[in-house]
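# Chains, contacts and geometry: an overview
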Amino acid sequence: QQFSSNMVLSDGTLVTIFYSQSITRINSIYSAISSDGGKTFQTPVKITDFIFANSRLIPSSILDTIDGVDYSRLYPSIYCASDNSISSQYRGNGYVAWSAFGVTTKSETGSDIYFSKTTDGGKTWSQPKIISNETGETPYHQFYPSITVNPDGIIVMSWYEQGVNGIKSLTNYVVSFSFDGGETFTKPIIANVTPTDFKTVGLKNNKFGIGEYNQIVATKNYAIPVWSDGRLNNGDLNIYAAFIPISDKTDVTVEKISSINQNSLQISVAPNPANQFFDLTFLNCKNAPLKYILYDLQGNVILENQTLEQDVQINSENLKSGTYFIQAEQNGIKAIQKVIINK
């Protein structure tokens, strides 16, 4: 038994979720609850069986591979979260997410993100369901999920999703919300903005690639995913964080993204929303050329330039009202900031 994750429900019940393999080599996820602060646990309850590709710790006859992940280090990434929100109608619920290649039979779409919930303190769990539904006939992998619940009881999930623009190895990191206790989830929102070709992420770490070292947290108004990607596609991996407004609208986009680094490049925009003009301030920039690009939601480049200055003014008089992004890049480090034009 391993891969444990813990949560404390609103009534103080401690719930431990973990992986177990039987002597007949069936992979399963279990829940064990404690009502005395972890001194004793009740008999574990099986949440589900699941099918997994062959890895170092989970033997299997399935030899599926995921670009950018050493198959011997592929994990189901079991994470759980509880709704302890005072105002939530789902207060007391517990949720668990993981990635697998099927439940009772092998999935036709490769690795998917699965979800289950408990409404009775971990005694029983709902039938697992896939929340990373794909479109089209070609199977693409989704893997390494993370889950949290914001102060209003909204479930916030994130994961890696391959198959960007129909390219198997091109990968995004995405975020999805549930406003109804996990019954439905919103269409995934791209957090990273710039995709990574996962064929390159193991070039500088002995083909380890990317591990399941990602996490999502949330405030009342924002989802804040933290993940690693290799968007430079030269083997370098960097850690990024994004701020995404929590909303059930279909046009939600990243508001801000930056690299987590003591001296990471950042962008300040004022005023924002803007009308006739807006000022850019580049924080933590070096004494070297800095490239900046303004583009719209469709990815069309509106403006592209270089500067040695920390402050730049952009004339937005001819821009239509809407959402735009400013991307700055210096010495391979990128930062992105959303800009609203309101006329």
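Details of the structure are given in the entry above.
One numbering rule holds for all chains: residues counted from 1, following each sequence as written. In view of the model being predicted, local features appear only for residues whose pLDDT reaches at least 70, and side-chain atom pairs are presented and counted only at 80 or more, with totals across whole chains, interfaces and linings using the full set of residues. The side-chain numbers reported here are obtained from all heavy atoms of the structure, hydrogens and water having been left aside.

### Quick look at the overall build of the chain
Scanning the chain for helices and strands turns up zero helices and 24 strands. Only C-alpha atoms enter the radius of gyration, while the globule expectation follows 2.2 Å times N to the 0.38, with N the number of residues. Here the chain has a C-alpha radius of gyration of 22 Å; the compact-globule value for 343 residues is 20 Å, and the two agree. Each principal axis of the C-alpha distribution contributes one length, and for the chain these read about 65 × 45 × 40 Å. Only protein chains enter the accessibility calculation, which uses a 1.4 Å probe; a residue whose area is less than 20% of its type maximum is buried, one above 50% is exposed, and one in between is partly exposed. Going through the 343 residues of the chain one by one, you find that 53% of them count as buried. Note on definitions: a residue-residue contact is assigned when non-hydrogen atoms from the two residues lie within 4.5 Å. Looking at the chain alone, contacts between residues at least 24 apart form 51% of all its contacts between residues at least 6 apart. Think of it this way: Lys and Arg go in the positive column, Asp and Glu in the negative one, and His and the chain ends go nowhere. Taken as the charge centre is NZ of Lys, CZ of Arg, CG of Asp or CD of Glu, depending on the residue. Averaging the positions of the 25 positive and the 30 negative side-chain charges in the chain gives two centres separated by 4 Å. A run of H or I in DSSP becomes a helix once it reaches four residues, and a run of E becomes a strand once it reaches two; helices and strands are each numbered from the N terminus.

### What to know about the sheet that holds strand β23 (residues 322–330)
Judged by pairing direction, the sheet is antiparallel, and its eight strands sit side by side in the order β14-β15-β16-β17-β24-β23-β20-β21 without closing on themselves. Looking at which strands have only one partner, the edges of the open sheet turn out to be β14 (215–218) and β21 (301–307). Averaged over all adjacent pairs, the angle separating strand axes in this sheet is 15°, with direction ignored. For two strands to be treated as a pair, DSSP must find at least two bridges joining them. Interaxial angle, 0 to 180 degrees, is taken between N-to-C directions of lines fitted to C-alpha atoms, where a helix line uses only the stretch in contact.

### Side note on the nonpolar core
What makes a nonpolar core is a set of buried Ala, Val, Leu, Ile, Met, Phe, Trp, Tyr and Cys residues whose side-chain atoms join them at distances within 4.5 Å. Grouped together as the largest cluster of nonpolar side chains are 55 residues, with contacts concentrated most on I17, F177 and I244. Among the nonpolar cores identified, the runner-up in size contains 19 residues, and L280, V312, I314 and Y324 belong to it.

### Regarding unusual backbone geometry
A cis amide bond links A270 to the next residue, P271, at an omega of -10°. Secondary-structure assignment places P271 in the loop between β18 (266–270) and β19 (277–283). Going from N272 to P273, the amide bond is cis rather than trans, its omega being 15°. Tracing the backbone through its elements, the reader meets P273 in the loop between β18 and β19. With a phi angle near 50°, S77 is a residue other than glycine that sits in the positive phi range. Of note, S77 is situated in the loop between β4 (45–50) and β5 (79–82). Even without glycine at this site, N206 takes up a positive phi of about 60°. Take N206: it is sitting in the loop between β13 (196–197) and β14.

### Details of the side chain of N214
With respect to the element layout, N214 can be found in the loop between β13 and β14. Given a relative accessible area of 3%, N214 falls into the buried group. In the analysis that follows, any N or O atom pair within 3.5 Å is treated as a polar contact, provided that within protein one partner can donate a hydrogen and the other can accept it, and provided that, for residues neighboring in sequence, both atoms belong to side chains. Separated by 2.7 Å, the side chains of N214 and Y173 make a polar contact. Here N214 is in contact with Y144, P145, S146, Y160, Y173, V226 and W227, once residues within four sequence places are set aside.

### Concerning the pairing of strand β16 (residues 238–245)
Burial analysis of β16 places six of its eight residues in the buried class, which makes it a mostly covered element. Sheet analysis places strand β15 (residues 222–229) next to β16, joined by six bridges and oriented antiparallel. Residue pairing for β16: S228 is matched across the bridge by I239. In the sheet, β16 pairs with strand β17 (residues 256–259) via four bridges, with the strands oriented antiparallel. Pairing of A242 across the sheet is with I257, part of β17.

### What to know about the packing of aromatic side chains
Pairing of aromatic side chains here covers Phe, Tyr and the six-membered ring of Trp, requires ring centres within 6.5 Å, and sorts the geometry by plane angle: under 30 degrees stacked, over 60 edge-to-face, intermediate tilted. Summed over all chains, the structure comprises 22 aromatic pairs. Each ring, one from F52 and one from F101, has its centre 5.7 Å from the other, and the planes form 90°; the classification is edge-to-face. A residue pair is termed long-range when its members are at least 10 positions apart, and F52 in the loop between β4 and β5 and F101 in the loop between β6 (94–100) and β7 (112–118) qualify at 49 residues. The burial state of F52 is the same as that of F101; both residues are buried. Taking 5.5 Å as the distance between ring centres and 20° as the angle between the ring planes, the aromatic pair formed by F143 and Y160 counts as stacked. Of this pair, F143 sits in strand β9 (residues 142–149) while Y160 sits in strand β10 (residues 155–162), placing them 17 residues apart in sequence.

### Examining the sheet that holds β4
Pairing in this open sheet of four strands is antiparallel, and the strands run β1-β2-β3-β4 from one edge to the other. Lying at the two open borders of the sheet, with one neighbouring strand each, are β1 (2–8) and β4. The sheet shows a mean angle of 20° between the axes of neighbouring strands, taken without regard to direction. The pairing of β1 with strand β2 (residues 14–21) spans five bridges and is classified as antiparallel. Across the sheet, the residue bridging to M7 is V15, located in β2.

### Considerations on the side chain of S31
If you trace the backbone, S31 turns up in strand β3 (residues 27–34). A distance of 3.5 Å separates a polar atom in the side chain of S31 from a polar atom in the side chain of W125. Ignoring sequence-local partners within four residues, the contact set of S31 consists of V15, T16, I17, P44, V45, I47, G122 and W125.

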